[in-house]
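Chain residues, written in single-letter form:
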Amino acid sequence: MKKFDLHIHTNTDCNLRCRHCYNYSGSGQGIRMPLEKLIRYLKFFNAFYQSEIHLEGGEIFLYQELLSAMDQLGSELLAGITVTSNGTVRSSDPKILNMLRRIGCLRISVEGHKQDIHSAIRDSSLKQIARNALFYQQQGIPIALRITLHACNQDSIFKEGIPYFETLGFSRFQIYEFQSVGRGSSSIGLAVKDHFEKVLKDFADMETGAEVTLMLARRRRENIRKMEQMLAGKGVKVHYLEEANQLSVKANGDMTVCAWDGREVIANIFDLTEIELKELLDRHIYVHQCEFCSQVSLQKVHV
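This report concerns the structure included in the present document.

Conventions used here
- Residues numbered from 1 in each chain as written.
- Predicted model: local features only at pLDDT ≥ 70, side-chain atom pairs only at ≥ 80, totals over all residues.
- Heavy atoms only, no water.
- Helix = DSSP H or I, 4+ residues; strand = E, 2+ residues; numbered from the N terminus.
- Rg over C-alpha atoms; globule rule 2.2 N^0.38 Å.
- Buried < 20%, exposed > 50% of the residue type's maximum accessible area, 1.4 Å probe, protein only.
- Contact = heavy atoms within 4.5 Å.
- Areas by Shrake-Rupley, 256 points an atom, 1.4 Å probe, with all protein chains shown as cover.
- Pairing = 2+ DSSP bridges.
- Phe/Tyr/Trp six-rings, centres within 6.5 Å; stacked < 30°, edge-to-face > 60°.

1. Quick word on the overall build of the protein
A count of helices and strands for the protein gives 11 helices and 12 strands. In terms of C-alpha radius of gyration, the protein reaches 19 Å, essentially the compact-globule figure of 19 Å for 303 residues. The principal-axis extent of the C-alpha atoms belonging to the protein is close to 50 × 40 × 40 Å. Within the span of the protein, comprising 303 residues, buried residues form 54% of the whole. Restricting to contacts in the protein with at least 6 residues of sequence separation, those with at least 24 account for 76%. Working note: accessible area of the protein is about 13700 Å², and carbon and sulfur atoms make up 49% of it.

2. Observations regarding the pairing of strand β4 (residues 105-110)
Walk down a regular strand and you will see the side chains alternate between the two sheet faces. With six of its six residues buried, β4 lies for the most part within the structure. Here β4 shows no split at all, with C105, R107 and S109 on one side and L106, I108 and V110 on the other all buried. In this sheet, strand β5 (residues 143-149) lies alongside β4 in parallel orientation, the contact comprising five bridges. Within β5, the residue paired with L106 across the bridge is I143.

3. Re the packing of aromatic side chains
Counting across every chain of the model gives 13 aromatic pairs. Ring centres of F61 and Y136 lie 5.7 Å apart, and the angle between their planes is 40°; on these two criteria the pair is classed as tilted. Of this pair, F61 sits in the loop between β2 (50-56) and α2 (64-69) while Y136 sits in helix α6 (residues 126-138), placing them 75 residues apart in sequence. The class for F61 is buried, based on a relative accessible area of 1%.

Function cannot be read off these values alone, since they describe shape.
And the structure:
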């Protein structure tokens, strides 16, 4: 069965306008993928492919009808879904909470352990987001904090940030380096500064009982190779990621291979029947590794 790393952008409307947003969410009129079609596509990719599905916005919690309707889906399908949110909108709808308990992960974005660091990227309340994330976690929902590694937090996130969030009760972290793409292309000052080896050393020296994963793009492979021995000695596992089929579906139906760089449109999913869609997906290889895609995964391991 063909594998897909699938990103579906369910809606473009967002209550924030983050400086690093790669798809310009929060700009202009919002677009929402039709609910019935979206549910059908989730079932389609689950039935015919081995899919790791990422549902993203915009802000997906503004699309409450979708989250409620997803409660109809089977647990096997939901277990393969990751939902990403900016964490500013809390839902207490029993159907939505029941659905979220069965997904693989609810990723909530924070950008630093202090408000000024967080606000360098996101104009939102860090305390409110932490409260909402803890609320979901207390409801039995699998939570991961998603953090952007950027110039304002690169010296503190591993020494102070992760330990701080651990004291609040979080135990799973996914960290992605800032990429100058989308709206981020005009926010060059957020790019990680020189001496990336220090970032890797801080990651390796971090004292944590949590599961911490650092995802890096192609240009960091050389830095990592030079420091592999040190990283291994500090309990860091390094995985050079294999090329895999990727597919990104925008809220307007446009399909691209890359979620970061969506300029080359394969087709519009709304224009295809399910038979035509399957024929198209089976006929081509959708392997793509641009300068923004994650190619290396570092994970802190505890013996």
